[in-house]
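# Observations on the three-dimensional arrangement
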Amino acid sequence: MLTIKNLHAEVEGKKILKGINLEIPKGEIHAIMGPNGSGKSSLASVLAGRDNYEVTEGEVWFNGKNLLEMSPEDRAREGVFLAFQYPVEIPGVSNINFLKTAVNEVRAYKGLPQLEAKEFLKLTKEKQQLVDFNTNLMNRSLNEGFSGGEKKRNEIFQLAMLNPSLAILDETDSGLDIDALRIVSNGVNKLRDAEKSFVVITHYQRLLEYIVPDFVHVLYNGRIIKTGTKELALELEEKGYDWLKEAEHQKESV
Amino acid sequence: MTSDTIMIPFYQALTEDVNALPAPQDSLQEVRRGALERFSATGLPTLKTEAWRFTNIQRFLKEYPYELTSTPATTTADVANEATIPGLDAYRIVLVNGHLQANLSSIPEGKGIRIGTMSASTDAPGFAKWFNQHTQVNGEPLADLNTALFADGLFIELQANVSVDKPIHLIHVYTSDRHAFIQPRHLWVLHKGATATVIESTVHPKQEAVAFSNCVTEVVVADNAELWHYNVQQGAENFRQVNTTAAQQERDSRYHHFNFTLPNTPFTRNNLSVVLHGSNTETNLKGIYLATGNQHVDNYTFMNHLVPNCNSNEHYKGVLLENANAVFTGRIHVHQEAQKTNAFQQNNNILMGDKATINSQPQLEIYADDVKCSHGFTAGQFSADALFYLRARAIGEEAAKALLVNAFTHDVTDEIAVPALQEYIQGQIEAIMNN
Ligand SMILES: Nc1ncnc2c1ncn2[C@@H]1O[C@H](COP(=O)(O)OP(=O)(O)OP(=O)(O)O)[C@@H](O)[C@H]1O
Ligand SMILES: [Mg+2]
């Protein structure tokens, strides 16, 4: 589904991603962990097409298409979804209008007719229940004045509405209370199927008990320095990152 | 009727011999002569005129060999229907170059309602009392020019406690087969406790000739009366305009003025002034200007607080694309007697075009000490974060910008009290942005 080869990217002349290689087959869940500032959100941004990142080297293929050549909206229409670490507040754009526009843009791209008001409402209701998203929030401005947790739930609600084939969740668990964490994880598990892949960026092993990954990668200093199974997350929880960082620095100095 | 159109170049007449311009022969001779004399004395504004520092009107007057025309023209239902606002249940009044076209109009009738042409209303009590009384009309060069030479327009007088049950949709059609200088003149008087909603729209049939309108509307809102006044300036390449609206408010009255300037009229100057004669009034002045190409849009506003305990609230929002050029002046005068005044003003702009410009100037003259006044100005661009967020949700760049422009203007459009009009304005903004 997604193939990242030797990806290098910089922002404002600063090298952030320094050769990422990652293969995410259909139906798998991959977790990405790593210290603050290691480049996890940057990787997510580059995949989603944020234009302040300049890709200087490498390739990204998504279902056989060159992802880096597409506009952000076309990536989304092709089925890439990024749940933002910091969702943006947009006063004056109603949540519901925004969603209707987004859903219909994806449908138009796929050659499907626009959803009738009734069908749209039905879909909204269904997905709202899936992630237990408060109806009152639907009619408010997009994320405006939402609590941290409400914003994260809104991301997952949008994920459910847009039904992408690749979802990248950037620290969706931070800011969620324990109940919300369970609800959101259940939502993700229900959305999960053999055709969909997930990239779950997190700092906490706890999330990975709910959303069980096939693989865990550690990103440090713009590179993936270790890959393992879900047990790696447990090990990191215990030992922190220092042992990996040291090994990495030794490798570099050789 | 034959001599209504003069053939000498209009601009030359304005600058050399205004007396050669033919004034209509009616009962207003004395007022007209006085206005013409004042106009001759002051002449056209120049860039040195304080209120016209950023707008060179002479350049626009010289642009085409306009002819002063007051000959009634007519239009068709199809043309008038171009101004239709879907879902709006309203009376419709169609004016062609300021002249009422009765067969396309449905004029509200009833006890205490007098609505008709200016030329047929000079005998009305409201006319005698209020015509040409506003200080921003009587003494302002372009308004004086209008007073001296106007042919016709719409007169509305609502007696005490009369409410018009539906909005009045006033459709201005500007049409001429030669370049024309057109001067409509309106007077609307709401007596004590009367209420009304007036929505103005403009239609410009496709034609080679260019129309320049110098329109003046005087508004009187008496004790406890309320007027919702919307002016939707749908534009066209073949149109230029100076639009003067001058309102007077008395005790406990409410006046809500909304102005929407849309593409593509190359030159727009809106003079909007409100003078408060009575206490406890509320005034809302709201505007959106969405300009593109080489449009020049100048909003000159003047809130004149003469008496205590009045509230005024002004908010203008600009979206400037391409090379558009906008000017905003927010003059607020709080006289010494006008204690406990609340006067707020905001002007926010988004500059989307590389060459777009805004000149914004608050002019606060405050002579009372116990007042709350504030003003603010911003000019900026879309947040890159917001734009990326929308695009990452499959929304195309143009559509995302349209959403963000609607979001930017929402605090004005949210205040539109007629749902069909609100939807129409939001739809227009979206359509323009998606183009
Ligand atoms: N616009 C920018 N200008 C300069 N530096 C930037 C910019 N955006 C990101 N960076 C830098 O890139 C590095 C990687 O940031 P990124 O947000 O990808 O880290 P992260 O792994 O997601 O961290 P966290 O766990 O704290 O979310 C950081 O050092 C950050 O300061
Ligand atoms: Mg991050």
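The structure this text deals with has already been given above.
Below or above, wherever it landed, is the structure these notes cover. (Residues numbered from 1 in each chain as written. Chains lettered and ligands numbered in written order. Predicted model: local features only at pLDDT ≥ 70, side-chain atom pairs only at ≥ 80, totals over all residues. Heavy atoms only, no water.)

### A closer look at the overall build of chain A
As a reminder, the rule being used: In this description a helix means any DSSP run of H or I spanning at least four residues, a strand means any run of E spanning at least two, and both kinds are numbered starting from the N terminus. The quantity called the radius of gyration is restricted to C-alpha atoms. Its globule counterpart is 2.2 Å times the number of residues to the power 0.38. The buried label goes to any residue with under 20% of its type's maximum accessible area, the exposed label to any with over 50%, and the partly exposed label to all in between, with areas taken from a 1.4 Å probe on protein chains only. For this analysis, residues touch if any pair of their heavy atoms sits within 4.5 Å. Residue exposure ignores everything except the shown protein chains as possible cover, and the areas themselves are Shrake-Rupley values with a 1.4 Å probe. When charges are counted, neither His nor the chain ends are considered; positive counts come from Lys and Arg and negative counts from Asp and Glu. Each charge is placed at NZ for Lys, CZ for Arg, CG for Asp and CD for Glu.
Within chain A, the regular secondary structure consists of ten helices and twelve strands. Relative to the 2.2 N^0.38 estimate, which gives 18 Å for 254 residues, the radius of gyration of chain A is 18 Å and therefore close to what a compact globule would have. Across the 254 residues of chain A, 54% fall into the buried class. Intrachain contacts of chain A at a sequence separation of at least 6 include 68% that bridge at least 24 residues. Carbon and sulfur atoms form 47% of the exposed surface of chain A, whose accessible area is close to 11700 Å². Chain A carries 32 positive and 38 negative side-chain charges, and their two centres are separated by 4 Å.

### Brief notes about the overall build of chain B
When you go through chain B residue by residue, the secondary structure sums to nine helices and 21 strands. Taken over the C-alpha trace, chain B has a radius of gyration of 21 Å; the compact-globule value for 435 residues is 22 Å, and the two agree within 12%. With the principal axes as the frame, chain B shows a C-alpha extent of 65 × 50 × 45 Å. In chain B, of all internal contacts separated by at least 6 residues, the share reaching a separation of at least 24 is 85%. Split by element, the accessible area of chain B, about 16500 Å² in all, is 47% carbon and sulfur. The average position of the 29 basic charges and that of the 45 acidic charges among the side chains of chain B differ by 3 Å.

### Considerations on the interface of chain A and chain B
So the rule is basically this: Here the quantity called buried area is the total loss of accessible area, with a 1.4 Å probe, experienced by two parts when brought into contact, counted for both. Whenever a carboxyl oxygen of Asp or Glu lies within 4 Å of a side-chain nitrogen of Lys or Arg, that contact is scored as a salt bridge. Any N or O atom pair separated by 3.5 Å or less is treated as a polar contact, with the protein-specific requirement of one donor-capable and one acceptor-capable atom, and with residues adjacent in sequence counted only for side-chain atom pairs. Note on residue categories: nonpolar means Ala, Val, Leu, Ile, Met, Phe, Trp, Tyr, Cys or Pro, charged means Asp, Glu, Lys or Arg, and polar means any other residue, Gly included.
Contacts between chain A and chain B engage 29 residues on the former and 18 residues on the latter. Taking both sides of the interface into account, the surface hidden between chain A and chain B amounts to around 1900 Å²; carbon and sulfur atoms contribute 68%. When residues of chain A are sorted by the area they lose upon contact with chain B, A:Arg50, A:Glu73 and A:Phe84 head the list and together hold 26% of the total. Summed over the shared surface of chain A and chain B, the result is three salt bridges. The partner of A:Glu73 in a salt bridge is B:Arg391, and the shortest N-O contact between them spans 2.6 Å. The interface formed by chain A and chain B holds eleven residue pairs in polar contact (both at pLDDT 80 or more) in total. For the side of chain A that touches chain B, the secondary-structure elements that each account for two or more residues are helix H1 (40-48), helix H2 (72-78), strand S6 (80-83), strand S7 (90-94), helix H3 (95-109) and helix H6 (148-162) of chain A. Sorting elements by how many residues they give to the side of chain A that touches chain B places H3(A) first, with five residues. Per-class residue counts for the side of chain A that touches chain B are 17 nonpolar, seven polar and five charged.

### Here we look at the coordination of the magnesium ion (ligand 2)
All names here are of chain A. Short version of the rule: Coordination here is defined by N, O and S atoms within 2.8 Å of the metal (3.2 Å for Na, K and Ca), and since water is not considered, a site can look incomplete.
The magnesium ion (ligand 2) binds to the protein through Ser41 (OG) and Gln85 (OE1); the donor distances cover 2.0 to 2.2 Å. Highlighted residues: Ser41 in helix H1 and Gln85 in the loop between S6 and S7, separated in sequence by 44 residues. Overall, Ser41 belongs to the partly exposed group, its relative accessible area being 26%. Residue Gln85 is classed as buried on the basis of its relative accessible area of 15%.

### Some remarks on helix H8 (residues 397-413) of chain B
Residues and elements named next belong to chain B. Operational definition: To estimate the expected span of a helix, count its residues, drop one, and scale the result by 1.5 Å. Fitting one axis to the seven residues ending at a residue and another to the seven starting there, the bend at that residue is the angle between the two axes.
Over its 17 residues, H8 extends 23 Å from the first C-alpha to the last, a length consistent with the 24 Å expected when each residue adds 1.5 Å. In H8, a bend of some 35° at Ala407 exceeds every other bend along the element. Among the 17 residues that make up H8, 13 are buried, leaving the element largely enclosed by the rest of the structure.

### Some words on the site of ligand 1
Residues and elements named next belong to chain A. Worth spelling out the cut-off: We call a residue near a given molecule or strand whenever any one of its heavy atoms falls within 4 Å of it.
Every one of the 16 residues lining ligand 1 counts as a neighbour, but Gly37, Lys40, Ser41, Ser42 and His203 are closest to it. Between ligand 1 and Glu171, the relevant distance is 3.3 Å, taken from an oxygen atom to a side-chain nitrogen or oxygen of the residue. Here an oxygen atom of ligand 1 sits 2.9 Å away from a polar atom, N or O, in the side chain of His203. Here ligand 1, which alone exposes 640 Å², has 69% of that area covered by the protein. Counting residues per element, the ones that place at least two in the shell around ligand 1 are strand S2 (14-24) and H1. Sorting elements by how many residues they give to the shell around ligand 1 places H1 first, with three residues. Here the residues of the shell around ligand 1 sort into four nonpolar, eight polar and four charged.

### Observations regarding the sheet that holds strand S11 (residues 215-220) of chain A
All names here are of chain A. Spelled out, the test is: Pairing between two strands is assigned when DSSP locates at least 2 bridges connecting them. Inter-axis angles, ranging from 0 to 180 degrees, are taken between N-to-C directions of lines fitted to C-alpha atoms, where helices are fitted over the stretch in contact.
Read across the sheet, six strands follow the order S6-S9-S10-S3-S11-S12 without closing on themselves; strand pairing throughout is mixed. At either margin of the open sheet sits one strand with a lone partner, and together these are S6 and strand S12 (223-228). Taking each pair of neighbouring strands and ignoring which way they run, the sheet shows an average axis angle of 20°. Here four bridges tie S6 to strand S9 (residues 166-170), and the two strands are oriented parallel to one another.

### Looking at the pairing of strand S11 (residues 226-233) of chain B
Residues and elements named next belong to chain B. With respect to burial, S11 is a largely interior element, seven of its eight residues being buried. Here seven bridges tie strand S9 (residues 195-203) to S11, and the two strands are oriented parallel to one another. Note on S11: the bridge partner recorded for Ile199 is Tyr230. In terms of strand pairing, S11 meets strand S13 (residues 254-261) through eight bridges, oriented parallel. Within S13, the residue paired with Leu227 across the bridge is Tyr255.

### Remarks on the sheet that holds strand S4 (residues 53-62) of chain A
All names here are of chain A. Read from one edge of the open sheet, four strands run S2-S1-S4-S5, paired in antiparallel fashion. Taken across any chain shown, the strands that pair with only one partner, and hence form the sheet edges, are S2 and strand S5 (65-66). By the bridge criterion, eight bridges tie strand S1 (residues 2-11) to S2 in an arrangement that is antiparallel. Looking at S2, one finds that His8 is bridged to Lys18. Most of the contacts of H1 go to S1, to which it runs at about 110°, and overall it touches S1, S2 and S4.

### A few points about helix H7 (residues 178-191) of chain A
All names here are of chain A. Our working rule: In this context, the arc is that of the directions from the helix axis out to the C-beta atoms.
With 14 residues, H7 should reach 20 Å at 1.5 Å per residue; the first-to-last C-alpha distance of 20 Å fits that figure. By the burial criterion, the buried members of H7 are Ala180, Leu181, Val184, Ser185, Gly187, Val188 and Leu191. All buried residues of H7 fall inside an arc of 155° around its axis, so they share one side. In H7, the exposed positions that point more than 90 degrees away from the buried face belong to Ile178 and Lys190. Contacts made by the buried residues of H7 are with helix H4 (117-131), H6, S9, strand S10 (197-201) and helix H8 (205-210). N-capping of H7 is provided by Asp177, with a side-chain oxygen placed 3.1 Å from the backbone N of Asp179.

Taken by themselves, the reported measurements are silent on function.
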